[in-house]
Amino acid sequence: MNDRSLPIIYLQRQVVFPYCNLSFRSAGRNLAGIGQGDRVVALPVRTVLDGLFPRGKPATLSEVVEIKREEGAWNLQLKGISRVTVLRAMKFRTAEYEPIEEAERPGQERLREGLRKKSQELIFLINVNESDKLIHLLNFLVSLTQLADFVSNYFILKFPRRYEVFAERDVELRARKLLFVLDELISDLKAKRERERQ
């Protein structure tokens, strides 16, 4: 196996974002031989066609944090490392891939701060026990790429939107899509609060 070929894991209607973790259960037979600490290519699968024809699809280079066989299925936890493009898959077991460059450009500070403020507004509206911790954590994310992935992972719950943001290769366009999603979520929450007051 060369440096750009690793075991492939098919994620049925799930996404693992870089810098984030994903826990899931899989009945996949191709997981035998994969152990804790191994690196894998995690491919989000929207339909059977994504699994059959993965060439050119975005995926996540990931580390296996935990893997256990229980009751005929696998319980896994993956930690996303970076976005990659699948070049080809061999026998549904391994994939050749290439990294996706995600360099930030000068002048994106305003976009990063806008994303941080929108995220904080949404956290404030949700008002969960971890709100203060999440707001504090956002202040440590200085990269637009990391911030966008972190926010997407925690606040976009519906798979089609998660995939749409994940699959955007341009960091700035991804952040702008995410801002649009956050605006929708904030608007929905405010409308819900208004209905509850009436």
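You'll find the structure just up there.
The sections below set out a description of the structure shown in this document. (Residues numbered from 1 in each chain as written. Predicted model: local features only at pLDDT ≥ 70, side-chain atom pairs only at ≥ 80, totals over all residues. Heavy atoms only, no water.)

Comments concerning helix α5 (residues 159-167)
Taken residue by residue, α5 has F159, R162, Y163, V165 and F166 as its buried positions. Buried residues in α5, looked at end-on, bunch into an arc of 165°, giving them a common side. Against β3 (39-45), β4 (58-70), β5 (73-90), α4 (144-155) and α6 (171-197) lie the buried residues of α5. (Buried < 20%, exposed > 50% of the residue type's maximum accessible area, 1.4 Å probe, protein only. Helix = DSSP H or I, 4+ residues; strand = E, 2+ residues; numbered from the N terminus. Arc of directions from axis to C-beta. Contact = heavy atoms within 4.5 Å.)

Quick notes on the environment of R13
Along the chain, R13 falls in the loop between β1 (5-12) and β2 (21-26). Among the residues examined, R13 registers a relative accessible area of 47% and is labelled partly exposed. Distance in space between the C-alpha atoms of R13 and P44 is 6.2 Å, their sequence separation being 31 residues. Residue contacts for R13: discarding those within four places in its chain leaves V45, R46, F159 and P160.

Some remarks on the layout of surface pockets
Of the pockets and cavities examined, the largest pocket occupies roughly 300 Å³. Together, 13 residues line the largest pocket, and F155, I156, L157, K158 and L185 are the ones closest to its centre. Broken down by secondary-structure element, the contributors of at least two residues to the lining of the largest pocket are α2 (109-126), α4 and α6. Among the elements that take part in the lining of the largest pocket, α6 stands out by supplying five residues, more than any other. Across the lining of the largest pocket, the residue classes tally to nine nonpolar, no polar and four charged. Roughly 200 Å³ of internal volume is contained in the second largest pocket. Around the second largest pocket, the lining comprises 14 residues; the ones closest to its centre are Y10, Q12, S26, G28 and N30. The leading source of residues in the lining of the second largest pocket is β1, at four residues. Residues of the lining of the second largest pocket, tallied by class, amount to six nonpolar, six polar and two charged. (1 Å grid on protein atoms, 1.4 Å probe; cavity = no way out; pocket = protein on both sides within 12 Å on 5 of 7 lines; lining within 4 Å. Points joined across faces, edges and corners; volume = space filled by probe spheres on them. Nonpolar A, V, L, I, M, F, W, Y, C, P; charged D, E, K, R; others polar.)

With respect to the nonpolar core
Among the nonpolar cores identified, the biggest contains 23 residues, and L115, L138, V151 and L178 are the most heavily contacted of them. Put simply, the parts of the chain that give this core at least two residues each are α2, α3 (131-138), α4 and α6. Once residues lying within four places of it in the same chain are set aside, the contact partners of L178 are L115, A148, V151, S152 and I156. Ranked by size, the runner-up nonpolar core spans 14 residues in total, among them L22, L31, V64 and I67. (Core = buried A, V, L, I, M, F, W, Y, C linked by side-chain atoms within 4.5 Å.)

Side note on the pairing of β4
By the bridge criterion, four bridges tie β3 to β4 in an arrangement that is antiparallel. From the neighbouring strand, V40 faces β4, where its bridge partner is S62. Note that β4 and β5 share 12 bridges and pair antiparallel. Along β5, the bridge assignment pairs E63 with K79. With antiparallel pairing between neighbouring strands as the criterion, β4 and β5 make up a hairpin whose turn holds two residues, including E71 at a positive phi of roughly 50°. (Pairing = 2+ DSSP bridges.)

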